[in-house]
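An overview of the molecular structure
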Amino acid sequence: MKMTHIERITDMEQRYDRIDEALRALEKAVDAITSLEDDITKLDNYYSGDEWKADFESDEQGLLPQDLKRGILSEDAIWNLLERINSVKHRMRDFALTELE
């Protein structure tokens, strides 16, 4: 069934509004994550270097205070976060390379 002009315009307005809202949220998220580039680099260097290993061993030996937040010392937390960052970058790259038809 063919849409009337009013139905088509209404449909397209709704599509526009959904895309605009999502794009505004994406722009904020991109601004937020790119402002954390230095933090990401430092966290990656920490995890791949000797400091993380030393901190992990100190925790294993019970040398850290019990009330110290130390989720980053779990063996997967930082790795999973860095992998999520890479996954999002790949998804964004794939999206950016998608041609509008």
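Described below are features of the structure shown in this document. If you're wondering where the values come from, they're calculated on a predicted model, not measured in any experiment.

A closer look at the nonpolar core
Counting nine residues, the largest nonpolar core consists of Ile 40, Tyr 46, Tyr 47, Trp 52, Phe 56, Leu 73, Ile 78, Leu 82 and Ile 85. Secondary-structure elements contributing two or more residues to this core are helix H2 (37-48), helix H3 (50-60) and helix H4 (77-97).

A look at the packing of H2 against H4
Helices that pack against each other are described as a pair by the angle of their axes relative to one another and the distance between those axes. Remark: H2 packs on H4, axes separated minimally by 10 Å, with the N-to-C direction vectors making an angle of 135°. It follows that H2 is oblique to H4 by the angle criterion. Seen from above, H2 lies across H4 with left-handed handedness. Where H2 approaches H4, its residues Glu 37, Ile 40, Leu 43, Asp 44, Tyr 46 and Tyr 47 are matched on the opposing element by Ile 78, Trp 79, Leu 81, Leu 82, Ile 85 and Lys 89.

Observations regarding the environment of Ser 87
Mapping Ser 87 onto the fold places it in helix H4. Here Ser 87 falls in the partly exposed class, since its relative accessible area comes to 36%. Residues Ser 87 and Glu 99, 12 residues apart in the sequence, show an inter-C-alpha distance of 20 Å.

Thoughts on a negative patch on the surface
There is a patch of like negative charges on the surface, built from Glu 57, Glu 60, Glu 75 and Asp 76. By the secondary structure assignment, Glu 75 is in the loop between H3 and H4. In this structure Glu 75 comes out as exposed when scored by relative accessible area, which is 52%.

Quick notes on a nonpolar patch on the surface
Together, Leu 23, Leu 26, Val 30, Val 88, Met 92 and Phe 95 give the surface a local cluster of nonpolar side chains, amounting to about 500 Å² of exposed area. Taking relative accessible area as the criterion, Leu 26 reaches 31% and is therefore assigned partly exposed.

About the criteria used
Residues numbered from 1 in each chain as written. Predicted model: local features only at pLDDT ≥ 70, side-chain atom pairs only at ≥ 80, totals over all residues. Heavy atoms only, no water. Core = buried A, V, L, I, M, F, W, Y, C linked by side-chain atoms within 4.5 Å. Buried < 20%, exposed > 50% of the residue type's maximum accessible area, 1.4 Å probe, protein only. Helix = DSSP H or I, 4+ residues; strand = E, 2+ residues; numbered from the N terminus. Axes fitted to C-alpha atoms, helices over the stretch in contact; angles between N-to-C directions. Parallel < 35°, antiparallel > 145°, perpendicular 65-115°, else oblique. Left-handed = near helix turned anticlockwise from the far one by under 90°. Contact = heavy atoms within 4.5 Å. Patch = residues over 30% accessible without salt bridge, like charges linked within 9 Å, V, L, I, M, F, W, Y side chains within 5 Å. Areas by Shrake-Rupley, 256 points an atom, 1.4 Å probe, with all protein chains shown as cover. Salt bridge = Lys/Arg side-chain N within 4 Å of Asp/Glu carboxyl O. Lys, Arg positive; Asp, Glu negative; His and termini not counted. Charge placed at Lys NZ, Arg CZ, Asp CG, Glu CD.

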